[in-house]
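This is what each chain is made of:
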Amino acid sequence: MSDLRPSLDTPEVTAAEEVVATETDTAVRSRRRSPLGMAVRRFRRNKIAVAGGVFLLLILLLAVFAPVIAQQSPTAVDLGAIRRAPSGEHWLGTDASGRDVFARLVYAARVSLLVGVFAALLAVLLGTIVGAVSGLFGGWVDTVLMRTADMMLSFPSIVIIIVLAGILGPSIPILVVSIAITTWPTTARLVRGVTLAVREREYLHAARVAGASRGWMLRKHIVPAAMGQIVVVGTISVAAAILAEAVLSFLGLGVQPPQASWGNMLNDAQSLTVIQSMPWLWLPPGLAIAATVLAVNFVGDGLRDAVDPRQSGRS
Amino acid sequence: MVNETEPLLVVDDLAVEFRTDEGVVKAVDGAAFTVDRGEIVGVVGESGSGKSVTAMSILGLVKSGRRVRGAIRFRGRDLGTLPAKELRAIRGAEIAMIFQDPMTALNPVVSIGRQIVEALRLHDRKLSKAAARDRAIELLALVGMPDAAARFKQYPHEFSGGMRQRAMIAMAIANGPSLLIADEPTTALDVTIQAQVLDLLRIAQQETQAATLLITHDLGVVAELADRVVVMYAGRVVEQGDVTTVFTAPRHPYTVGLLESLPRLDRDVDELHPIPGSPPSLLTPPPGCPFHPRCPLARDRCRTERPELRVVGNGTTVHRTACHFAEELAALPTEVTR
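Residues numbered from 1 in each chain as written. Chains lettered and ligands numbered in written order. Predicted model: local features only at pLDDT ≥ 70, side-chain atom pairs only at ≥ 80, totals over all residues. Heavy atoms only, no water.

Peer 1: Honestly, empty space enclosed by the protein in this entry has me stumped. Any pointers?
Peer 2: The rolling of a water-molecule-sized probe over the atoms marks out the regions of remaining empty space. Applying the stated rule across the entire model yields 4 cavities of 30 Å³ or more. Size it by volume and the largest cavity reaches roughly 350 Å³. The wall of the largest cavity is formed by 25 residues, among which A206, A207 and A210 of chain A together with A119 and M171 of chain B lie closest to the centre. Elements with a minimum of two residues in the lining of the largest cavity: helix 10 (202-209) and helix 11 (214-250) of chain A together with strand 6 (95-98), helix 4 (112-123) and helix 7 (161-172) of chain B. It is helix 4 of chain B that contributes the most residues to the lining of the largest cavity, 5 residues altogether. Among the residues making up the lining of the largest cavity, the classes are represented as 18 nonpolar, 6 polar and 1 charged. (1 Å grid on protein atoms, 1.4 Å probe; cavity = no way out; pocket = protein on both sides within 12 Å on 5 of 7 lines; lining within 4 Å. Points joined across faces, edges and corners; volume = space filled by probe spheres on them. Helix = DSSP H or I, 4+ residues; strand = E, 2+ residues; numbered from the N terminus. Nonpolar A, V, L, I, M, F, W, Y, C, P; charged D, E, K, R; others polar.)

Here is the structure:
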């Protein structure tokens, strides 16, 4: 038996062979050889991406444990302590209504991440379905879907979002939906491209011969083939969505006070006096937005290199 | 309604056309043959003779082509009139296919085992993952995969060409089909592996009792494996019959030409005789017999009247040919014997 094994086998594998039926072994081997395992290994070699990931994890923990970390309430108004400079009691000072800036910053992380992640997820989901259907069905279905995508891409997205928020009224769900509506075409085009490439592959023909329906081919071959790139686009979309949320909230069309978001915290910083003399009001949320978006983009770049090594070093 | 008296597969006067910029290509023009249960039928012919299009028509998967005439009946059901859903249920379960190039016909980023498991679960949604996995390992072992359980988790690139073809065959027989279509199953393989894969096809055939339609341009493969042979030329069946009969006493000049152009190890042949000329354009097929421009026996009747497939000889098996002058061939002392 053992002489039949390829010579490159390590003792570790041979040992694993004995417990070949157990799940543990499956995990060990698949991590060694599967495309996913290889991508994870490549990602971990990218130090900047890993640093970005660690930073995001910290922000996430901050958001999740906001009530523990922030001693003050983010909405408690104290008119006797307006625009106070940072002190032992208020680590980052207070805002125009006497609310604790640190507490607001921490709670705002929840809103920003939530909006960013959900808007990106929705956009990617919509884009994947549209792109795959478009590529697989072709013909007039493809034409209609792709021209719709082109139309969405040719509008300035911020204008669409402002109009939507204006008509439907500003709220977090509307914010998520309107960001998703303007960003799905990017994913759709990408997935359509992958679908067109995979559609002509012999193994898809083989699947058709084996009796697979279009739905089956989408689930088992096309979406998995595009998954790497979908994850990358999804990550970059999170960064874009966080930015969009900040912009809209800054303009007063997104998250409404008294609920805090990084964008509407900046809203308070519109006057020159605040900018010049009260940096604790705008510097923390500004830095939070910049650092988070940068970290997300680092992770996205790392993922792209991990998923498709041929593209590394390009960007 | 399953008709048990009719052969498993009946291809009846099949004609498939492709519309191209230069005109209508008659890829298949009146092909007719049958396949019985458990029988291995070889379909031979040059590139462009319509053999692959015929195979794809059986599965109802001719891309951009159009069936203009004829019927394909499988177990008495006309595959051309079945709704898409029923056709899908037949594909892969009752009619399975083995591809020419196992490298491209397998998904490179999915493990071999999972691909077989999915082929199983595609047609049996109730099959549990564990049961499908056991069955897949069993199938891999059946096709002679050493250390099947470990191979189960490997990816196509970790397999040699022969091993990949084994995996393809395992996948094809996974659902116990009653008809296997093998499209040039050995063409992409090394000569040494070809023999193994042929053995394997024989084993797979015996194991599943599936009838096999062996599409190839390799007469040696047909002689090795098939019970009956169908010779196609320019989209038509020109000769069919028992392999021994057709190869020892061919009754169509094209078959004679094919056999004479074949190098052989078992006999001292001074010279090979290729068939003069080249296959006709399917855009403008010649009138009458499609083979007449290249045929040494051609005369006026061949240029005008299309020969129909008719029974010749008085052997125990049915031997058909589409040649007006088949009897003259019988009179010639043919050199080609097995």
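Peer 1: Is there a simple way to think about the sheet that holds strand 3 (residues 40-44) of chain B in this case?
Peer 2: Sheet strands pair via backbone hydrogen bonds, and the direction of the pair is either parallel or antiparallel. Residue and element names in this part refer to chain B. Read across the open sheet, the 8 strands follow the order 6-7-8-3-9-10-12-11; overall the sheet is mixed. On the outer flanks of this sheet lie strand 6 and strand 11 (310-312), each paired with one strand and no other. Within this sheet the neighbouring strands show an average axis-to-axis angle of 25°, counted without direction. Judged from the 6 bridges that link them, strand 9 (residues 228-233) and strand 10 (residues 236-242) form a sheet pairing that is antiparallel. Paired with Y233 across the strands is R236, a residue of strand 10. Seen against the sheet, helix 1 (residues 51-58) touches strand 3, strand 6, strand 7 (179-183), strand 8 (211-216) and strand 9 and runs at an angle of roughly 145° to strand 8. (Pairing = 2+ DSSP bridges. Axes fitted to C-alpha atoms, helices over the stretch in contact; angles between N-to-C directions. Contact = heavy atoms within 4.5 Å.)

Peer 1: Mind showing me how you'd approach the domain arrangement of chain B here?
Peer 2: Interfaces are often sized by the accessible area lost when the parts come together. Residues and elements named next belong to chain B. According to the domain assignment, chain B contains domain 1 (9-230) and domain 2 (234-331). Using only C-alpha atoms to locate each centre, domain 1 and domain 2 end up separated by 28 Å. Tallying the contact residues gives 25 residues for domain 1 and 21 residues for domain 2. Ranking the residues of domain 1 by area buried against domain 2 places E46, L219 and V229 at the top, with a combined share of 32%. (Domains from an automatic or database assignment. Buried area = accessible area lost by both parts, 1.4 Å probe.)

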